[in-house]
Amino acid sequence: MGNCYDTSNNCLINKAHDENIDLVWDRYEKMKPQCGFGEMGICCRICLKGPCRIDPYGDGPKEGICGADADTIVARNLVRMIASGTASHSLHGKEIAKTLLHVAKGETDNYKVKDIRKLKNIAEKLNIDTEGKTINQITEEVAMASLMDYSRLENTPCNWLSNTLTKSRLKKLTDLGVALNNIESSVTDIMSRTHMGTDADAINILLAGLKCALGDYVGMQISTNLSDTLFGTPEPIISESNLGVINENAVNIAVHGHNPLLSEIIVDVADEMEEEAIKAGAKDGINIVGVCCTGNEVLLRRGIPLATNFLSQELAILTGALEAMVVDVQCIMPSLAKIASCYHTELFTTMPDAKISGATHIELNEKNSVENARVIIKKAIEKYKMRDKNKVLIPKRKSKVIAGFSTESIIKLLSKIDKERPLKPIIDNIVNGNIKGVVLFAGCNNVKIMQDNNFVTMAKKLLDNNILILATGCAAGAYAKNELMNSEATFKYAGEKLKEVLTLLGKEAGLDVPLPPVLHMGSCVDNSRGVDLAVALANELGVDLDQLPLVASAPELMSEKAISIGTWVATIGLPVHIGMLPPVGGSQLTIDVLTSKLKELLGGYFIVEENPIKAANKLIGIIKEKRVDLGIEPTAKPSEVV
Ligand code: BF8
Ligand code: SF4
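Keep in mind that this is a model prediction, so the values were computed, not measured.

Visitor: What is the right way to look at the overall build of the protein chain in this model?
Guide: Counting its regular elements, the protein chain contains 26 helices and 16 strands. The C-alpha atoms of the protein chain give 24 Å as radius of gyration, which agrees with the globular expectation for 642 residues (26 Å, within 12%). Looking at the 642 residues of the protein chain, the share that counts as buried comes to 61%. In the protein chain, the proportion of contacts linking residues at least 24 apart, taken out of those at least 6 apart, comes to 76%. Entry remark: accessible area of the protein chain is about 24,700 Å², with carbon and sulfur atoms responsible for 52%.

What follows is the structure, encoded as structure tokens:
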């Protein structure tokens, strides 16, 4: 089995080996065999009496030294992963909300409200009265209503929870006692209840996990919506993807991580400094490329090409043509510093809470970001002069990408067909079966799975079955790199009916070519966009989310954030396919709760399937089931009905 579905990367993997540089795949091999107790979630390091481990099969211990059994240990470990994911996504949102507040108070010149219409829409959504108020006042109230979700004392649900879901979903969450009121206290709650000798009831622990995971959701809503306010709501945009976007004749700077507060400024400042780069000998000036979710953010809003998703981030440096990699937070392999040191590439860290030894730390905040972005780009231009031409190897492959499918841009497009009820064309096509259903692909790459293989294999099968695909995060990266986000892909992979719909929509959008069969909705936090679309459809149809022919899938999941996302997606009612079992195998109770119990209580549930073809078939089956339940698909052909 190769390392990557995209074999154009192989030349760089071989180059690394020739140069004695270890990559993620090599370190994985060296790590084998990985600890079986860890894999099953039955190792506990929560107190100093431990570490304890449960013997899952033999006659060894069935409880830790304190008496905690496998169910307690697995549930505690799992919800701690959820808490970490929630903390990461929600802190991202908090940074954006704080910046918005600084803008409202006139405390920064580096950012401003770019999308006033979105700001007003958000105000309306959050029930903020805008009558007679200035933009700054509205901005402040929106920022405060969002920040309130991190600190509310009362037991009323978060603003971004109660105002973004269907009414019936909110009721279900409230009845179950998981309608979150305060993101940060939910993280504290998890850390506290999982302390040694506190909550030992696995079901009670897992319920707290569901509530905390909703904090991840709220954090995402805040991140997406307030980023749109500051930087603009994405519209369809054409760009390119894969390592071939690195330009031999330019000063190449990769932006990597998650937070657009940094990358947006880098893109702006780079525009101003083009001439300097040309003077330094780079005839094409400055070429910014994206990696991971920061890459998705600037792809959607600025058309910046996306070089790689998670697993091949090291390869961007291996091209020998990257002058700088500028990182913010999350999913940044610490190995980058060591690999950069083998080249002329300078790795810049920019956030106080994400330093890497060996990297140059230049902090960016709302006061100094423009100034410090200039320092970074100046250094990158100097580095260009130090590039060793003999070490440059850029794979040729790059694919055309149409990205920028925010909920707003999709609705705008649909309203060209039906101005009064823009969702009607989609609903009609779902009802008549031209679009059988929708799968939202999200999540990471994982070194345990050939990079992008599950994404691409599943997509081809689903598209052939007239199922439309939405994608975010590294899933979107996989599709962007592998030529599934352009019109040619529609001709090649979409079933006949789906092709007709995408062709019609493309025409209405004025593109003259079909829409791509996989719609890029943004970074991981932009999973909120998928929810917005689903909630709008559910409200229009008068049903709840669990009734829609809509399924989510993270077939190559890796991070704790993927665990928290998957958990809230199931909690709001959607079936969630995952391509590998998380560390819960040691507790049948936990598995039952996350699958059958959750389905009974909330309609959403996890499905684990490693084989991508089998997984696609399962999703097709679930979509069919949902269609039958909605009464829009016959259970059997009429001739078969007795
Ligand atoms: O937030 S998909 S590997 S980059 S965690 Fe990370 Fe996973 Fe990629 Fe984006 Ni999301
Ligand atoms: Fe062992 Fe219990 Fe301590 Fe965990 S909390 S390490 S199971 S003694």
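Visitor: Is there a simple way to think about the site of ligand 1 in this case?
Guide: All residues in the neighbourhood of ligand 1 are listed as His258, Cys292, Cys293, Phe310, Cys331, Gly443, Cys444, Cys474, Cys524, Met558, Ser559 and Lys561. Here His258 contributes a side-chain N or O atom positioned 2.6 Å from an oxygen atom of ligand 1. Interatomic distance of 3.0 Å between a side-chain N/O atom of Lys561 and an oxygen atom of ligand 1. Broken down by class, the residue content of the shell around ligand 1 amounts to eight nonpolar, three polar and one charged.

Visitor: Any chance you could explain the site of ligand 2 here in plain terms?
Guide: Neighbouring residues of ligand 2: Cys44, Ile46, Cys47, Lys49, Gly50, Cys52, Gly64, Ile65, Cys66, Arg76 and Met196. For the shell around ligand 2, the class distribution of residues is seven nonpolar, two polar and two charged.

Visitor: Would you explain the sheet that holds strand 14 (residues 550-554) in this entry?
Guide: Strand pairing in a sheet relies on backbone hydrogen bonds, with the paired strands running either antiparallel or parallel. Spatially, the six strands line up as an open sheet ordered 13-12-11-14-15-16, and their pairing is parallel. Each edge of the open sheet is held by one strand with a lone partner, namely strand 13 (518-522) and strand 16 (605-608). Between one strand axis and the next, the sheet turns through 25° on average, direction left out of account. The sheet contact formed by strand 11 (residues 437-441) and strand 12 (residues 467-472) spans five bridges and is parallel. Residue pairing for strand 12: Gly437 is matched across the bridge by Ile467. Running over the sheet, helix 24 (residues 560-571) touches strand 14, strand 15 (575-578) and strand 16 and is turned about 125° from strand 16.

Visitor: I tried to follow the coordination of the nickel atom of ligand 1 on my own but got confused; where do I start?
Guide: Six octahedral donors around a metal ideally sit at 90 or 180 degrees from one another, while four tetrahedral donors ideally sit at 109.5 degrees. The protein gives the nickel atom of ligand 1 a lone donor atom, Cys524 (SG), placed 2.2 Å from the metal. Its four donor atoms give the nickel atom of ligand 1 angles of 92 to 155° at the centre, a pattern that matches the irregular case. Structurally, the position occupied by Cys524 is in the loop between strand 13 and helix 23 (527-541).

Visitor: It is not clear to me how the pairing of strand 14 should be interpreted in this structure. Could you clarify?
Guide: Taken residue by residue, a regular strand's side chains alternate between the two faces of the sheet. Within strand 14, five of the five residues are buried, which leaves it mostly tucked inside the rest of the structure. Side-chain alternation along strand 14 places Leu550, Ala552 and Ala554 on one buried face and Val551 and Ser553 on a second face that is also buried. Bridging between strand 11 and strand 14 involves four bridges; their strand directions are parallel. In the sheet register, Val439 faces strand 14, and the bridge partner there is Val551. For the handedness criterion, the β-α-β arrangement of strand 14, helix 24 and strand 15 is classed as right-handed.

Visitor: What should I look at first to understand unusual backbone geometry in this one?
Guide: Trans peptide bonds make up most of the peptide bonds, and negative phi angles are found at most residues other than glycine. At the junction of Lys32 and Pro33, the peptide bond is cis and its omega measures out at -5° in the coordinates. Counting through the fold element by element, Pro33 comes out in the loop between helix 2 (24-31) and helix 3 (36-40). Here Gly50 and Pro51 are connected by a cis peptide whose omega angle stands at 5°. Residue position: Pro51 is located in the loop between strand 1 (43-44) and strand 2 (52-53). Unlike most non-glycine residues, Asp512 shows phi in positive territory, near 65°. Tracing the chain through its elements places Asp512 in the loop between helix 22 (496-508) and strand 13.

Visitor: What am I meant to see in the environment of Pro33 here?
Guide: Its relative accessible area of 77% is what places Pro33 among the exposed residues. Spatially, the C-alpha atoms of Pro33 and Gly522 are 36 Å apart, while their sequence positions differ by 489 residues.

Visitor: Is there a simple way to think about the UniProt feature "binding site: [4Fe-4S] cluster 1" (unreviewed entry) in the protein chain in this case?
Guide: UniProt feature "binding site: [4Fe-4S] cluster 1" (unreviewed entry): in the numbering of this structure it lies at Cys35 and Cys43. Lining the largest pocket, from the residues named above, are Cys35 and Cys43. By the element assignment, Cys35 lies in the loop between helix 2 and helix 3. What makes Cys35 partly exposed here is its relative accessible area of 45%. As for its position among the elements, Cys43 is in strand 1. Accessibility expressed as a relative area gives 27% for Cys43, which makes it partly exposed. Here Cys43 is in contact with Phe37, Gly38, Cys52, Arg53, Ile73 and Asn77, once residues within four sequence places are set aside.

Visitor: Just checking my understanding: could you explain the UniProt feature "binding site: [4Fe-4S] cluster 2" (unreviewed entry) in the protein chain for this structure?
Guide: As recorded in UniProt, the feature "binding site: [4Fe-4S] cluster 2" (unreviewed entry) lies at Cys44, Cys47, Cys52 and Cys66. Across 23 residues of sequence, these annotated residues stay compact in space, with a maximum C-alpha separation of 10.7 Å. From this annotated list, the subset lining the largest pocket comprises Cys44. Classification of Cys66 by relative accessible area gives partly exposed; the value is 40%. Setting aside anything within four residues of it in sequence, one finds Cys66 in contact with Lys49 and Met196.

Rules and cut-offs
- Residues numbered from 1 in each chain as written.
- Chains lettered and ligands numbered in written order.
- Predicted model: local features only at pLDDT ≥ 70, side-chain atom pairs only at ≥ 80, totals over all residues.
- Heavy atoms only, no water.
- Helix = DSSP H or I, 4+ residues; strand = E, 2+ residues; numbered from the N terminus.
- Rg over C-alpha atoms; globule rule 2.2 N^0.38 Å.
- Buried < 20%, exposed > 50% of the residue type's maximum accessible area, 1.4 Å probe, protein only.
- Contact = heavy atoms within 4.5 Å.
- Areas by Shrake-Rupley, 256 points an atom, 1.4 Å probe, with all protein chains shown as cover.
- Near = heavy atom within 4 Å.
- Polar contact = N/O pair within 3.5 Å; in protein donor to acceptor, adjacent residues only side chain to side chain.
- Nonpolar A, V, L, I, M, F, W, Y, C, P; charged D, E, K, R; others polar.
- Pairing = 2+ DSSP bridges.
- Axes fitted to C-alpha atoms, helices over the stretch in contact; angles between N-to-C directions.
- Donors = N, O, S within 2.8 Å, 3.2 Å for Na, K, Ca; no water.
- Tetrahedral: all angles 85-135°; square planar, octahedral: opposite > 155°, others 65-115°.
- Right-handed = clockwise from strand over helix to strand, strands pointing away.
- UniProt positions renumbered as here; feature names shortened; annotations may be inferred.
- 1 Å grid on protein atoms, 1.4 Å probe; cavity = no way out; pocket = protein on both sides within 12 Å on 5 of 7 lines; lining within 4 Å.

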